[in-house]
Amino acid sequence: MKIELNHLSKTEGRGSFKGSLLEGQITEAKMISNEGARLVEGMLLGRNFADAPVITARICGICPVVHVLTATKAMEAAMDIKVSAQTIKMRELLERAQIVHSHGLHLFFLSLPDFVNIDNSLRLIKQFPCEAQAAIKVREFGTKIVKAVGGRIVHPLRAEIGGFKVLPDKSELERIMEIYDETLKAAQTVVKVFQKLKFPEFSRKTDYFSLQNKKDYAVIDGDIASWSGKKIKPAEFLAHVEELHEMNEVVKRTRWNKKAFMVGALARLHNNYVKLSPEAKKAWKGFGIKLPTWNTTYNIAAQAVELIHSVEKCGEILEELIKMPFGPAKNHYHIRAGKGVGAVEAPRGTLYHYYEIDDRGRILNCNIITPTAQFLNNLEEDLRAYLPEAAGLPDAERDCRLKILIRAYDPCFSCATH
Amino acid sequence: MTKKPTIAIYSLTCCDGCEFAILDIPEKLLELLKHAEIKRWRLLDEKCPPPDETYDICFVEGSAITKENLELLKNLRERSKFLCVLGNCAEFGGIHRIKNWHDKEQLCKYVYKYAETIENPKIQNIEEMVKFDFVIPACPVSGEEFYRIVNEMLAGKKPKIELRPICYECQTRGYECILQKGQICLGPLTIGGCSAVCLGSKMPCWSCRGPLPEVKLRPDAYKNLMKFLSERHSKDEIDKAMEVFGMKDEYLKLSQQ
């Protein structure tokens, strides 16, 4: 029996699923990227270090912020550049705002239709007018922040190595702060929709990897932590990660210590639950899910909880920035040879950039490992575990269940096929 | 009641950023839906369209990297009354075109173990692949400009982009000229209409909207700019800036005129 889901809709980039069962045994369960090979790592070779954030932003139209920040941090690590507390705050604001608008889109417009059996997200707006308006409002809060701080929503312009090219206009930040209260309410409205959903029953043990630090629900800095108790520096993580290439495939899957693992909202929530805000914890309790859970479709629930947490954190940082007198936009630095790793939490999991540059700032080597490339093995193992059960269902229902699981991961085939 | 015109939005290999630029102005999208039917947009719709589905206006973003990409592009041309190219990747090949300036086999080997099994064609301009009716330029496209142009099309007007250089928009907004300050900025050669968004953030213009037709006809402006830039920068630095949005071939042609 063959099960094929060709050119899945409602994902970032294009991908397909191919599965085969023979007498109830899985013989194949594979995710395939339908994007062309883009060779971004290759095209960076020989270029100036400052081009890395500009070019890698173009890997992904939904999460360009995280590519800009990760490339920037990796270059700063390579040249041992320190940045100001103000720069760190603005970067954190950008990343959390990116998570707000990406999660808002994925939750409501890409994932929800599967659960309520509507095939067109625009029709969803008619069926859930209040909730749709709430989702649009939350997304707008995120996109407005990215525009104010980054200069543009898609492929932001202002963040650079050493700091920012231009500082945000405080009156713009104040105007965004005026919609904070209604945004938080809207986020809660969106979350309520998901608390009422019936998630598929599923469980397969894995390991969860994410950033972790002492002060916060980490997104832009920290060590790499796993649910199984590992705690290592990002560079050490990269030293032990295997990238596997198979013939005719444009995505390189990854394993850590020979095993598949999970990254993303559910991984972050497992590793950093205690750092969630009280409101976000309350939202998680509203789902009634106990930790640890090995049901990866709950990644959607974790995204919903992160939506609330991220809106609140954006509000906090906005207030701080509005009150503080701005210092210089960027720190001056000297170009020197070196190697460096950057790791930042993208909406769908930890993104790694590695660069080696020479003493004139030219890129000698580079490696980018995206969240989707990391979790693709884990998703395929989940699909293997899930298929025998789903195979007995009527075709339409079976396909819908498979899509719920695939979309719950929030895969980005554009990023994976960089 | 007359039937609403049908629209489709397709993408080839790219970041999908032009689609997000459209999605990020939801009020304009909802308004558009009153006047047109979006028959196919995979970002928001589950249905797989029949292979012979036709469209009044079809937007295509992204570069043709796989054979499947190229076939789809040609096929969409056949099925659409009006084919509108969306963004720099579709028009000039975008960042993907950088590989044309390298040993592309070597580049592929750097990324993939089994490089020989990976499709790795030379990246081309849109006019080398299909006939098209209009281009909405830039990386990414401006959502505002997209809706203005779509609405003009729906009103039966011939859509238009003002042909004046980026410098006009930069200077009228009072932005500091970073070309004068020594950066590689191609603003004087480039089609405006983006509100000089990059310059507003002190990011130089690298011509993602493409060269002005008058620059192509009379390359004096190009030659003067190159003379100015080459006093301050190496040829390699200038070339690399032009490669990012697929402009190097365009401007090379001018230097030979």
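Residues numbered from 1 in each chain as written. Chains lettered and ligands numbered in written order. Predicted model: local features only at pLDDT ≥ 70, side-chain atom pairs only at ≥ 80, totals over all residues. Heavy atoms only, no water.

A.B. asks: I would appreciate a short explanation of the overall build of chain A in the present structure.
C.D. replies: Within chain A, the regular secondary structure consists of 15 helices and 13 strands. Computed over C-alpha atoms, the radius of gyration of chain A comes to 21 Å, within 12% of the 22 Å expected from 2.2 N^0.38 for 418 residues, which places it in the range of a compact globule. Among the 418 residues that make up chain A, the fraction classed as buried is 68%. On chain A, the mean spot of the 59 positive side-chain charges and the mean spot of the 50 negative ones are 1 Å from each other. (Helix = DSSP H or I, 4+ residues; strand = E, 2+ residues; numbered from the N terminus. Rg over C-alpha atoms; globule rule 2.2 N^0.38 Å. Buried < 20%, exposed > 50% of the residue type's maximum accessible area, 1.4 Å probe, protein only. Lys, Arg positive; Asp, Glu negative; His and termini not counted. Charge placed at Lys NZ, Arg CZ, Asp CG, Glu CD.)

A.B. asks: Would you take a moment to explain the overall build of chain B for this structure?
C.D. replies: Each helix and strand in chain B was counted, giving 12 helices and five strands. Its C-alpha radius of gyration of 19 Å places chain B within 12% of the 18 Å reference for a compact globule of 257 residues. Seen along its three principal axes, the alpha-carbon backbone of chain B occupies a region of about 65 × 50 × 30 Å. Looking at the 257 residues of chain B, the share that counts as buried comes to 58%. Put simply, 73% of the contacts in chain B that link residues at least 6 apart link residues at least 24 apart. When the accessible surface of chain B is totalled, it reaches about 11500 Å², and 53% of it is carbon and sulfur. The averaged location of the 38 negative side-chain charges in chain B is 3 Å from the averaged location of its 38 positive side-chain charges. (Contact = heavy atoms within 4.5 Å. Areas by Shrake-Rupley, 256 points an atom, 1.4 Å probe, with all protein chains shown as cover.)

A.B. asks: Sorry, what's going on with the pairing of strand 4 (residues 80-86) of chain B here?
C.D. replies: Moving residue by residue along a regular strand, the side chains alternate between the two faces of the sheet. Residue and element names in this part refer to chain B. Strand 4 sits mainly inside the fold: five of its seven residues count as buried. Both strand 3 (residues 55-61) and strand 4 contribute to a ladder of six bridges, which runs parallel. Within strand 4, the position partnered with glutamate 61 by the bridge is leucine 86. Handedness of the strand 3-helix 3 (residues 67-79)-strand 4 crossover: right-handed. (Pairing = 2+ DSSP bridges. Right-handed = clockwise from strand over helix to strand, strands pointing away.)

A.B. asks: What is the right way to look at the interface of chain A and chain B in this model?
C.D. replies: One frequent convention defines the size of an interface as the accessible area lost when the parts assemble. The interface of chain A with chain B comprises 64 residues on the first partner and 57 residues on the second. Buried surface at the junction of chain A and chain B, summed over both partners, amounts to about 5300 Å²; 60% is from carbon and sulfur atoms. Counting every contact that joins chain A to chain B gives six salt bridges. When the shortest N-O distance is used, the salt bridge between glutamate 46 of chain B and arginine 407 of chain A registers 2.8 Å. The tally of links between chain A and chain B comes to 34 residue pairs in polar contact (both at pLDDT 80 or more). Elements supplying a minimum of two residues to the side of chain A that touches chain B: helix 1 (40-44), helix 2 (51-57), helix 4 (85-116), helix 5 (121-127), helix 6 (129-150), strand 13 (363-369) and helix 14 (395-408) of chain A. (Buried area = accessible area lost by both parts, 1.4 Å probe. Salt bridge = Lys/Arg side-chain N within 4 Å of Asp/Glu carboxyl O. Polar contact = N/O pair within 3.5 Å; in protein donor to acceptor, adjacent residues only side chain to side chain.)

A.B. asks: Sorry if this is basic, but what is going on with the confidence of the model for chain B here?
C.D. replies: Regions with low pLDDT carry predicted coordinates that are not meant to be interpreted in detail. When pLDDT is averaged along chain B, the result is 96; 100% of the residues meet or exceed 70. Listed scores for the predicted complex are pTM 0.98 and ipTM 0.97. (pLDDT = per-residue confidence, 0-100.)

A.B. asks: Just to check I follow, could you spell out the packing of aromatic side chains for this structure?
C.D. replies: Here the distance between the centres and the angle between the planes together describe a pair of aromatic rings. All names here are of chain A. In this structure the tally under the stated criterion is 20 aromatic pairs over all chains. Summarising the aromatic geometry, the rings of phenylalanine 202 and tyrosine 386 are spaced 5.3 Å apart at their centres and angled 85° between planes, so their arrangement reads as edge-to-face. Note that phenylalanine 202 is positioned in the loop between helix 8 (180-195) and strand 6 (209-212) and tyrosine 386 in helix 13 (residues 371-391), a separation of 184 residues in sequence. Owing to a relative accessible area of 10%, phenylalanine 202 belongs among the buried residues under this scheme. An aromatic cluster of at least three residues, connected via ring pairs, comprises Phe115, Phe199, Trp284, Phe287 and Tyr298. (Phe/Tyr/Trp six-rings, centres within 6.5 Å; stacked < 30°, edge-to-face > 60°.)

A.B. asks: In this structure, what is going on with the packing of helix 8 of chain A against helix 11 (residues 278-287) of chain A? I would like to understand it.
C.D. replies: Angle between the axes and distance between the axes: these two values describe a pair of packed helices. Residue and element names in this part refer to chain A. Interhelical geometry of helix 8 versus helix 11 gives an angle of 20° and a closest axis separation of 9 Å. In terms of orientation, helix 8 and helix 11 fall into the roughly parallel class. Crossing angle aside, the handedness with which helix 8 passes helix 11 is right-handed. Where helix 8 abuts helix 11, its residues Gln188, Val191, Phe194 and Gln195 lie against Glu279, Ala283, Gly286 and Phe287. Looking at the contact of helix 8 with helix 11 residue by residue, the class counts come to four nonpolar, three polar and one charged. (Axes fitted to C-alpha atoms, helices over the stretch in contact; angles between N-to-C directions. Parallel < 35°, antiparallel > 145°, perpendicular 65-115°, else oblique. Left-handed = near helix turned anticlockwise from the far one by under 90°. Nonpolar A, V, L, I, M, F, W, Y, C, P; charged D, E, K, R; others polar.)

A.B. asks: It is not clear to me how the environment of alanine 159 of chain A should be interpreted in this structure. Could you clarify?
C.D. replies: Mapping alanine 159 of chain A onto the fold places it in strand 4 (residues 159-160). For alanine 159 of chain A, a relative accessible area of 12% puts it in the buried group.

A.B. asks: What should I look at first to understand the environment of glutamate 92 of chain A in this one?
C.D. replies: All names here are of chain A. Relative to the assigned elements, glutamate 92 resides in helix 4. Take glutamate 92: its relative accessible area is 13%, and that puts it in the buried class. Along the sequence, glutamate 92 and arginine 14 sit 78 residues apart, while their C-alpha atoms lie 29 Å from each other. When neighbours within four sequence positions are excluded, glutamate 92 is seen to be in contact with Asp216, Val219, Ile220, Lys313 and Ile317.

A.B. asks: So what exactly am I meant to see when it comes to empty space enclosed by the protein here?
C.D. replies: Enumeration according to the criterion identifies seven cavities of 30 Å³ or more in this entry. Considering only enclosed or pocket space, the largest cavity measures out at about 180 Å³ in volume. Every residue lining the largest cavity is counted, 14 residues in all, and those nearest its centre are Phe109, Ile136 and Arg139 of chain A together with Leu23 and Pro26 of chain B. Sorting the residues of the lining of the largest cavity by element identifies helix 4, helix 5 and helix 6 of chain A together with helix 2 (26-35) of chain B as the ones contributing at least two each. Tallying contributions element by element places helix 6 of chain A first for the lining of the largest cavity, with four residues. Its residues placed into classes, the lining of the largest cavity shows 10 nonpolar, one polar and three charged. There is about 110 Å³ of room inside the second largest cavity. Taken together, 17 residues make up the lining of the second largest cavity; nearest its centre are Cys15, Cys18, Glu61, Cys89 and Cys139 of chain B. Listed by contribution, the elements that provide at least two residues to the lining of the second largest cavity are helix 1 (17-23) and helix 4 (88-92) of chain B. (1 Å grid on protein atoms, 1.4 Å probe; cavity = no way out; pocket = protein on both sides within 12 Å on 5 of 7 lines; lining within 4 Å. Points joined across faces, edges and corners; volume = space filled by probe spheres on them.)

A.B. asks: Where do I start with the sheet that holds strand 7 (residues 223-226) of chain A in this structure?
C.D. replies: Note on sheets: strands pair through backbone hydrogen bonds, and any given pair is parallel or antiparallel. Residues and elements named next belong to chain A. Taken in spatial order, the three strands of this open sheet run 6-7-8, and their pairing is antiparallel. Both edges of this open sheet fall to strand 6 and strand 8 (231-232), since each of them pairs with a single strand only. Bridge analysis of strand 7 against strand 8 gives two bridges, and the strand direction is antiparallel. Bridged to alanine 225 within strand 8 is lysine 231.

A.B. asks: Could you clarify how one ought to interpret the nonpolar core in this entry?
C.D. replies: It is characteristic of soluble globular proteins that their nonpolar side chains tend to be buried jointly. Membership of the largest hydrophobic core comes to 212 residues, with the highest contact counts inside it found for Phe17, Phe237 and Tyr355 of chain A together with Phe59 of chain B. Apart from residues lying up to four places away in sequence, phenylalanine 17 of chain A is in contact with Ile3, Glu4, Leu5, Ala29, Lys30, Met31, Leu383, Leu387, Leu402 and Ile406 of chain A. Leu73, Ile126, Met129 and Val135 of chain B belong to the second-largest nonpolar core, a separate cluster that totals 16 residues. (Core = buried A, V, L, I, M, F, W, Y, C linked by side-chain atoms within 4.5 Å.)

A.B. asks: I keep staring at the pattern of salt bridges and nothing clicks. Help me out?
C.D. replies: Working definition: two side chains of opposite charge can pair if their charged atoms are close together. Residue and element names in this part refer to chain A. Applying the stated criterion across every chain, the model contains 61 salt bridges over all chains. The closest approach of N and O atoms between arginine 14 and glutamate 35, which form a salt bridge, is 2.3 Å. Of this pair, arginine 14 sits in the loop between strand 1 (2-5) and strand 2 (15-22) while glutamate 35 sits in the loop between strand 3 (25-33) and helix 1, and the two are 21 residues apart along the sequence. Under the relative-accessibility criterion, arginine 14 is labelled buried at 5%.

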